[in-house]
Amino acid sequence: MAKKKAKTAKRPAAPKTTAQQLGSLIKSARDIMRKDKGLNGDLDRLPLLTWVMFLKFLDDREKLQEARAEIAGKKYKSAIEAPYRWRDWATDKDGITGDELIAFVNQDEATRPDGSRGLGLLAYLRGLQATADDRRRGVIATVFDGVNNRMLSGYLLRDVINLVDGIHFDSTDEIHTLARLYESMLREMRDAAGDSGEFYTPRPVVQFMVQVTNPQLGEVVLDPACGTGGFLSEAFEHLEKQCNTVQQRKTLQEKSIFGGEAKPLPYMLAQMNLLLHGLDAPSIDYGNSLTVKITELGAKDRVDVILTNPPFGGEEEAGIRNNFPADKQTSETALLFLQLIMRKLRKPAGNNAIGGRAGVVVPNGTLFGDGVCARIKEELLKEFNLHTIVRLPNGVFAPYTIIPTNLLFFDRSGPTKAIWYYELPPPEGRKNYTKTKPIQPNEFDDVAKWFALKRRKETDNAWRVSVDDVLKYDDTGALVSCNLDQKNPKSAEALEHLPPEKLADDILVKERRIIEIMEEIKAELARSSG
């Protein structure tokens, strides 16, 4: 008993890093990096800061796993070996610095912190290889494959390392801090590089989409444009609650969560995000998911659930466009991703009558777009069941964009007969969300309850539109339009445009209903008093 207490005492409670502290740390680190002549702007500084943080994060996680293994009386083998672990060369604030540090980080062969000769840090990390028992090493090698240190001053790099050493990534509670970090980084990178069409998805939106698509253990979940891994980490948490056995946890770890990301910084952050959630070796492909020829996708490429917020407003090169059918080629990234998602959903088979299902964030322009956009939506309606569109309030994605956005939910049980719309209202007294007053999780409570109903009903916020009112053809049968931008017929805007006689009829209906309710109240009062 005394032995057990002694081991427990070795695990000090590390202080949590608040968003405010992290923001302050990033600012201090950037101020230091501005002094270095090798870095040009935030597009150089932020990736450097990220890979330094990634190494600190990995070591925090491994120390936690080592402590758990020790308590359980098991051996633990680190993915990164000495003297390359963070604890070996970074934690001593007066340790390796200057030219010696730069040589250790950059060179293929260098004098290591323990005085021996061997591979430099980045060369070692790039050369790690996965084994049958440990895929983490392969993940680390992929993360560092495109990493180069552009910092020239080893003294300034030491100052940055000392700052990062003050962060404690050993609690899953700190994932929210990580999300805030990326939000801050995205904003800075947008300022530095212009609008990339990549927008941080607010966590309440992610939580709602995972909740209503409801992935089940044994299913494969994919986000082909995973960014920092928000959808995948939320799906991981959702699936983890369903695990009761060792085999189920093995299924979750190895066969459930997959993603793709083309940009190195969010790719690295996605790895950190998922590792922090407990996924030992995230299966995130580094590269553009649109590089596959979608007409050649087969059963082995299909998945059960796709949750994603693909970049919109971006443009893809001709080589990417050629991967799509000739009549549906476009440079608009969101439309290409929509086609990829449609092709990647599993077809109905056996006990699975609806096949794969998807939740996708799209801008308003996708709903009313013509031409190629209309043809893609026609396929969506004819081949898939687009059962629900949730229209989000203005400003949900502020400050990144003020473009109105929508959530599409569809599956492969199609074709679509009718589409349910739900207009999510902003909180009373507000018209927009802002950076300081973002959307909150409880604002999705009503739509989540409505979404789960087996028999949905029209309300002031929910309405149903027949597919025949969406798809329009001319006399020759050619597609004229496919307008999914259907307004709420009970909105104030719609009522303002009603003809006077219809407006009068609506008022009379409501007045009669008020009279009925008053009669019921009067009768109830009479019964109570009698």
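J.: What is the right way to read the nonpolar core from this model?
T.: Soluble globular proteins tend to pack their nonpolar side chains together in the buried interior. In terms of nonpolar packing, the biggest core is built from 95 residues, with Trp51, Trp89, Leu125, Phe144 and Phe208 touching the most fellow members. In this view, Trp51 contacts Val105, Leu122, Phe144, Val147, Asn148, Asn149 and Met268; residues no more than four positions away in its chain are not counted. Formed by 33 residues, the second largest nonpolar core is a distinct cluster that contains Val303, Ala358, Ile389 and Val465.

J.: It is not clear to me how the pattern of salt bridges should be interpreted in this structure. Could you clarify?
T.: It is possible for side chains of opposite charge to pair when their charged atoms get near one another. Enumeration over the complete set of coordinates arrives at 20 salt bridges. Residue Asp280 is joined to Arg61 by a salt bridge in which the shortest nitrogen-to-oxygen separation is 2.9 Å. One end of the pair, Asp280, is in the loop between helix H13 (264–277) and strand S5 (283–286); the other, Arg61, is in helix H3 (residues 42–71), with 219 residues separating them in the sequence. The class of Arg61 is buried, set by a relative accessible area of 15%. Note that Glu254 and Lys250 form a salt bridge whose closest N and O atoms lie 3.1 Å from each other. Taken together, the residues Glu254 and Lys250, both in helix H12 (residues 246–255) and four residues apart, mark about one turn of the helix. Owing to a relative accessible area of 41%, Lys250 belongs among the partly exposed residues under this scheme. One connected set of salt bridges, linked through shared partners, spans Asp327, Lys328, Arg343 and Glu379.

J.: Looking at this structure, I do not really get a nonpolar patch on the surface. What am I missing?
T.: A cluster of nonpolar side chains, Ile514, Ile517, Met518, Ile521 and Leu525, forms an exposed patch at the surface whose accessible area comes to about 460 Å². If you trace the backbone, Ile517 turns up in helix H20 (residues 500–529). Overall, the relative accessible area of 33% leaves Ile517 in the partly exposed class.

Procedures and definitions
Residues numbered from 1 in each chain as written. Predicted model: local features only at pLDDT ≥ 70, side-chain atom pairs only at ≥ 80, totals over all residues. Heavy atoms only, no water. Core = buried A, V, L, I, M, F, W, Y, C linked by side-chain atoms within 4.5 Å. Buried < 20%, exposed > 50% of the residue type's maximum accessible area, 1.4 Å probe, protein only. Contact = heavy atoms within 4.5 Å. Salt bridge = Lys/Arg side-chain N within 4 Å of Asp/Glu carboxyl O. Helix = DSSP H or I, 4+ residues; strand = E, 2+ residues; numbered from the N terminus. Patch = residues over 30% accessible without salt bridge, like charges linked within 9 Å, V, L, I, M, F, W, Y side chains within 5 Å. Areas by Shrake-Rupley, 256 points an atom, 1.4 Å probe, with all protein chains shown as cover.

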